[in-house]
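Chain residues, written in single-letter form:
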Amino acid sequence: MPEQSVTTQTTDDALIIALAQRLDQAWEERFTILPLTESEGITNADIAYRIQTHWTDMRVQRGERIIGRKIGLTSKAVQEQMGVNEPDYGTLWASRYFPARNGRAEAPFEIFLQPRVEGEIAFLIGETLDWPDITPQQVLAATEALAAAIEIVDSRIDRWRIKLADTIADNASYGGLTIGAWSRAMRSSDLRTIGMVMSHNGRPTVFGTGAAALGHPALAVAWLANKLRAFGIPLRAGDIVISGALAATIPVQRGDLFTLEMHDQPPLHLRFV
Ligand SMILES: O=C(O)C/C=C/C(=O)C(=O)O
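Described in the following lines is the structure provided in the data block. In this text the structure is predicted, and so the values were computed from the model without any measurement.

### Regarding the pairing of strand S12 (residues 268-272)
Phase 1: Among the 5 residues that make up S12, 4 are buried, leaving the element largely enclosed by the rest of the structure.
Phase 2: Relative to S12, strand S3 (residues 104-107) runs parallel, the two sharing 4 bridges. Across the sheet, arginine 104 pairs through a bridge with histidine 269, a residue of S12.
Phase 3: For strand S11 (residues 257-262) and S12, the ladder comprises 4 bridges, and the chain directions are antiparallel. Bridge pairing in S12 links phenylalanine 258 to leucine 270.

### Considering the pairing of S11
Phase 1: Summarising burial for S11: 5 of the 6 residues are buried, a large majority.
Phase 2: Bridge count for strand S7 (residues 195-200) against S11 is 5 bridges, and the pairing is antiparallel. The residue of S11 that forms the bridge with valine 197 is glutamate 261.
Phase 3: Between S11 and S12, which follow one another and run antiparallel, lie 5 residues, and histidine 263 among them has a positive phi close to 45°.

### What about the environment of glycine 215?
Phase 1: With respect to the element layout, glycine 215 can be found in the loop between strand S8 (203-209) and helix H8 (217-230).
Phase 2: For glycine 215 and methionine 196, which are 19 residues apart along the polypeptide, the C-alpha to C-alpha distance reads 15 Å.

### Side note on H8
Phase 1: For H8, spanning 14 residues, the distance from its first C-alpha to its last is 20 Å, which sits close to the expected 20 Å at 1.5 Å a residue.
Phase 2: Considered for burial, the residues of H8 that qualify are Pro217, Ala218, Ala220, Val221, Ala222, Leu224, Ala225 and Leu228.
Phase 3: Its buried side turned inward, H8 meets strand S1 (66-72), strand S2 (88-93), strand S4 (116-125), helix H6 (136-141) and strand S9 (240-242).
Phase 4: Among the residues trailing H8, glycine 232 stands out with phi positive, at a value near 80°.

### Comments concerning the environment of glutamine 61
Phase 1: Secondary-structure assignment places glutamine 61 in helix H4 (residues 45-61).
Phase 2: Here glutamine 61 falls in the exposed class, since its relative accessible area comes to 71%.
Phase 3: Placed 10 residues apart in sequence, glutamine 61 and isoleucine 71 show a C-alpha to C-alpha distance of 24 Å.

### Some thoughts on the nonpolar core
The nonpolar side chains of a soluble globular protein tend to be buried, and buried together.
Phase 1: Ile51, Val117, Phe123, Met198, Leu235, Met262 and Phe272 are the most contacted members of the largest nonpolar core, which has 90 residues in total.
Phase 2: Counting residues per element, this core draws most heavily on strand S5 (residues 143-153), which supplies 8 residues.
Phase 3: With sequence-adjacent residues up to four places away left out, methionine 262 is seen in contact with Glu120, Ile121, Ala148, Met186, Ile194, Gly195, Met196 and Leu246.

Analysis parameters
Residues numbered from 1 in each chain as written. Predicted model: local features only at pLDDT ≥ 70, side-chain atom pairs only at ≥ 80, totals over all residues. Heavy atoms only, no water. Buried < 20%, exposed > 50% of the residue type's maximum accessible area, 1.4 Å probe, protein only. Helix = DSSP H or I, 4+ residues; strand = E, 2+ residues; numbered from the N terminus. Pairing = 2+ DSSP bridges. Expected span 1.5 Å × (residues − 1). Contact = heavy atoms within 4.5 Å. Core = buried A, V, L, I, M, F, W, Y, C linked by side-chain atoms within 4.5 Å.

Next comes the structure, spelled out in structure tokens:
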């Protein structure tokens, strides 16, 4: 597609709506689509965020609830796996939150397309962050509690052939989420040096530390808060934020059990049933 045509199209709300609908249909009916960078020539991150935002708005109109935000592509391990080298964000949809009881959660395998799991740190934001140049220190001061979290990433894009604009439009490849017990005590830990081990069917498989998320998980959340503000959206009290993976992603098969052990938190188990 010639450059001029792409520029003209990308200013067109009708195209944004059509692409959000295409992603929504792929999510609902469980099929993959060609990368938008290939099929539509969309490479601009701001346009991709418009598609993502419109998709979330469509879902909210149908009853979806926003429980917070995800930050993605914050670690070298995932950047290398996905071939994308700058962070992005997406929205956490309540319909794909799998609550853990006594540290155990289940997710139905068949609702996903090509899922992978990641170990992350979850922040529960206690005070709205809505001023310029939000710092990691301000994020920590506004954090009510922290927890270990397993994010399921999934892609509506054929065989994960994503570039930055593809995954941004696709809600940062959000698939689902479970969270361990919230800990206030964890607020006094050095989040950079918090360690994690993710076991796959009982076998320790990937290992990470907090510093994997942009050097410090609170720096990743500060990045998010400032990025959201640039779009006129504050990070609000009550929002859950996940930091981005602390280690590489692991592909999921039906029946798999993943166990995340982090710092002095109780283990968090997620089974795909
Ligand atoms: O953020 C994306 O667009 C892709 C997903 C990445 C992650 O979830 C992560 O790096 O943690």
